[in-house]
Protein chains: 2
Amino acid sequence: MFCVRVCSGLVGFRTATCVRTLHSLSGITVAQVSLSLKTKSLSFPLSVMSLKKNLFFFVCQGTRDYNPKQMAIREKVFNTIISCFKRHGAETIDTPVFELKETLTGKYGEDSKLIYDLKDQGGELLSLRYDLTVPFARYLAMNKITNIKRYHIAKVYRRDNPAMTRGRYREFYQCDFDIAGQYDAMIPDAECLKIVHEILSELDLGDFRIKVNDRRILDGMFAVCGVPDDKFRTICSTVDKLDKMPWEDVKKEMVNEKGLSEEAADQIGEYVSMQGGMDLAERLLQDHKMSQSKQACAGLSDIKLLFSFLQLFQVTDKVVFDLSLARGLDYYTGIIYEAVLTQAGVAAVSNEAQNGANAEESVSVGSVAGGGRYDGLVGMFDPKGRKVPCVGVSIGIERIFSIMEQKAEVMSEKVRTTEVQVMVASAQKNLLEERLRLVTELWNAGIKAEVMYKKNPKLLSQLQHCEESGIPLVAILGEQELKDGVVKLRVVATREEIDIARTDLTSEIRRRTSEA
Amino acid sequence: MFCVRVCSGLVGFRTATCVRTLHSLSGITVAQVSLSLKTKSLSFPLSVMSLKKNLFFFVCQGTRDYNPKQMAIREKVFNTIISCFKRHGAETIDTPVFELKETLTGKYGEDSKLIYDLKDQGGELLSLRYDLTVPFARYLAMNKITNIKRYHIAKVYRRDNPAMTRGRYREFYQCDFDIAGQYDAMIPDAECLKIVHEILSELDLGDFRIKVNDRRILDGMFAVCGVPDDKFRTICSTVDKLDKMPWEDVKKEMVNEKGLSEEAADQIGEYVSMQGGMDLAERLLQDHKMSQSKQACAGLSDIKLLFSFLQLFQVTDKVVFDLSLARGLDYYTGIIYEAVLTQAGVAAVSNEAQNGANAEESVSVGSVAGGGRYDGLVGMFDPKGRKVPCVGVSIGIERIFSIMEQKAEVMSEKVRTTEVQVMVASAQKNLLEERLRLVTELWNAGIKAEVMYKKNPKLLSQLQHCEESGIPLVAILGEQELKDGVVKLRVVATREEIDIARTDLTSEIRRRTSEA
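Residues numbered from 1 in each chain as written. Chains lettered and ligands numbered in written order. Predicted model: local features only at pLDDT ≥ 70, side-chain atom pairs only at ≥ 80, totals over all residues. Heavy atoms only, no water.

Another point: the sheet that holds strand E10 (residues 367–373) of chain A. All names here are of chain A. The strand order across the open sheet formed by nine strands is E1-E4-E5-E11-E10-E9-E6-E8-E7, and the pairing between neighbours is mixed. The open sheet has two free edges, formed respectively by strand E1 (91–92) and strand E7 (275–276), since each of these has just one partner strand. Where E10 and strand E11 (residues 390–395) come together, five bridges link them in antiparallel fashion. Across the sheet, residue Gly-370 finds its bridge partner in E11, namely Ser-394. (Pairing = 2+ DSSP bridges. Helix = DSSP H or I, 4+ residues; strand = E, 2+ residues; numbered from the N terminus.)

Right, here's the structure in full:
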């Protein structure tokens, strides 16, 4: 029997012996399940257990289906982001979901272990893309493009530990905007921050901050604090943990694990506690130690220049020069930035999590955008090493989806999953043909319309469908209406009904459903 | 050196020893290369050879990047298709790009060998999705959904022999529309055909035909022609080749390879040459042989009913009842259909191919949409085998992209890749700040605007950029304009220039660039 063969792809709760597999559970409502699983403690709240009476089908651990409601929210978020990218004159490209394994090799440092490889089934060795930046650099080099402003919205893949309540998945969208080309300093860099500011403001996720720093300032700081050259990257990785760990622990890691002197660590500690604006850059340019590093001074001057452009772009209210910002990836060479949501946006999340079962996983949504300048990456793909300077930003869209979904839930917002304007219905029997004829007229006139796929549906069930899916109008046909050449137009919300001449129907529907 | 490591991912033309690898070439212009490669004869036209002076980067065989121009065309096609799906009231869902290997097992018959598997890196065994229908069925069963009208647009993966000029790739988009639910016969089935008709008409790809048949008619026909029960599926696969092979060859395969009697084959041959409309279904219901099969009669009655709905939907002009239509996939249980472009649409393709180098590959674009009824698939995923009847259609979007791209090329159509309305420019030096201030005003007012990332760009290069990217307006700032509180608005096409009060600028730009 077929069923037997398929069942090996299922695991029932009652028969599940391996606790770990439960993480990949994705039952009737993926969101619910993931919200109520305490993924770290490996215990399962009763609410989940009782849900599972039957066998289950899996989707892969750390991935999820999007249901129509989630898709409606996703479409709204994408529209906001794409509008912004287009407003700034960006083109878009697409690249394959897999790249040759070699293309990804040596670009991500330690994170390379998170790359998904395809099975060797003959032919090339392939890997799923890890981000959109490396494929972009490969694309530029391959096509010898030296300047472009492009956005790319697509899924990327990481074999990471999923934390779905915080919007961390193994398959997730990235929304990247990058400017490639040799331009005058800090103008494209400032535009990237302007874009982050516009998108986060429009999405209305609560207050946010955009932290900026510069890799040259970090390197200069490490140099003047006495960090040996070969420890810059590893100490930088440790500094990057400051948003998750207190300074004491970061210092411990520097001294105990990475072998830095206590004195050097303390000096770093002083600098990385500094936050400010253009004034801080100014002050550090005068700092007796920092000013000894040419690199740091170049970075600090650029921060000043950046802030002057940000003032013109009217976005300095949210931007902070923060010396503790380090960012993980190796390929950054200049300015770096990261946007974080502050209290307001996060409140909705933990609220919602408490409605589920456990709030532990939902403390903070954290970073929702990040990026920086990477002037060396394209050159890695060019046979002659020709460089193309690039700066870009990636919007952490999954976290934003999580917040928007949870917001919609908390506020019991009615999310429409279709745009249907009118339902063609009848109260009497044997009018299927007349309903099909009318819905054809409407479709052909570009009206979004539905009809029930039944010969003789009850009027009540037709009206109920409208209520459920938020369809605002019903066009009702009966013997009398047909005789009179009219259609009874019913407004679902008010139950008001009026007869409209059949010839005026489409314009009347359009008038009543135009968004304005 | 880094370069050395990366170079293993490159193959130079001069050093390439393996002819096969050249198929995966995807150089400066993927389209060009793929158009001029004779993939079957394994020879390389000079035009390609001379293109390759340097080392090359690969994308995987049978995949491609989309450049901004291709993306603009793609967006246009998607918008047409999505509008149609929405007009018919469809919701949308999304599923992960990989499914558990088990989910795909046993669904595709012989084609299973074309499934891409992921490497076993610990955890679940995963495969890239092969189509959107099986994930849809898995989604319905997993979420116990018994009725939904949904569309899903996403990429699917097949380790097939690519034929890129005919739009056959290893990574390609599918645009699926399906109606799941227990409804009265043939109403949703007819709506699927209405949708194909609307989409192909709107995309303006030239004339087309939609062939319909029914698996029950085929099976009934096989039975009354004396095909043994256990040979139905394999004989059906042979019939499916009739669009690529003449009847003589198909018959040979039936008799010589599949061991059918010559007499049975001849009887089949008579039936599969039949084409018509409702009248043909009527006639076959009276046919002394065909009428002996209950199954065939059920199918024929439904074809009659289908045509009566198609008449109401006003689409019978393109629909043909064609007994030779078989379709490959195992899971169809009722009505099946396939849309093919007839001459007009295909002409553009071979034209363009001849501009490349070899037309051999580009004879016919063939099928651009297909689908049918599959009432058993969801039940395969339900632990209790509960069935959810489904009918759907898949639009073969890559072939449509190919045609649209080649059409744009042949007609030297100017395809805009951005929607920028205005370029903020200046003729004088030292006005960077003023330009940034003005472009900020425009962005904040929702105008799509660009500014050059240079301190002192030449006016000519600013105007040239507008010409190249089709930006219709230039807002020019100078000392005098600043003093007067105006902006000089230049119409790129006519070179007309007028001074506009700065306060009126956004409304003036909107007025001049509104599409109407």
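The rest of the description comes next.
A few words now on the pairing of strand E12 (residues 367–373) of chain B. All names here are of chain B. For E12, the buried fraction is high: six of the seven residues fall into the buried class. Pairing of strand E11 (residues 335–341) with E12 involves five bridges; the strand directions are antiparallel. Note that in E12 the partner of Val-340 across the bridge is Ser-367. (Buried < 20%, exposed > 50% of the residue type's maximum accessible area, 1.4 Å probe, protein only.)

A word on the packing of aromatic side chains. Each aromatic ring pair is characterised by the separation of its centres together with the angle its planes make. Residues and elements named next belong to chain A. Taken as a whole, this structure holds 26 aromatic pairs over all chains when the rule is applied. Within the aromatic cluster, the residues linked to one another by ring pairs are Tyr-66, Phe-78, Tyr-173 and Phe-401. Its guanidinium or amino end placed over the ring of Tyr-66, Arg-64 lies 4.4 Å from that ring's centre, counting from NZ or CZ. Sitting over the ring of Tyr-130, Arg-158 keeps its end group 4.0 Å from the ring centre. (Phe/Tyr/Trp six-rings, centres within 6.5 Å; stacked < 30°, edge-to-face > 60°. Lys NZ or Arg CZ within 6 Å of the ring centre and 35° of its normal.)

All names here are of chain B. Where helix H7 (residues 187–203) contacts helix H13 (residues 294–312), the axes come no closer than 9 Å and their chain directions differ by 50 degrees. One way to sum up the angle between H7 and H13 is to call them oblique. As H7 packs across H13, the resulting crossing turns out to be right-handed. Packed against H7, whose contacting residues are Ile-187, Asp-189, Ala-190 and Leu-193, the element H13 presents Leu-306, Phe-309 and Leu-310 at the interface. (Axes fitted to C-alpha atoms, helices over the stretch in contact; angles between N-to-C directions. Parallel < 35°, antiparallel > 145°, perpendicular 65-115°, else oblique. Left-handed = near helix turned anticlockwise from the far one by under 90°. Contact = heavy atoms within 4.5 Å.)

With that settled, the discussion passes to the environment of Thr234(A). Residue and element names in this part refer to chain A. Mapped onto the secondary structure, Thr-234 falls in helix H9 (residues 232–239). Using a relative accessible area of 28% as the deciding quantity, one classes Thr-234 as partly exposed. Put simply, Thr-234 and Gly-328 are 94 residues apart on the chain and 9.9 Å apart in space, counted from C-alpha to C-alpha. A polar contact is formed between the side chain of Thr-234 and the side chain of Lys-258, at a distance of 2.9 Å. (Polar contact = N/O pair within 3.5 Å; in protein donor to acceptor, adjacent residues only side chain to side chain.)

Treat this as a map of the structure, not an account of what it does.
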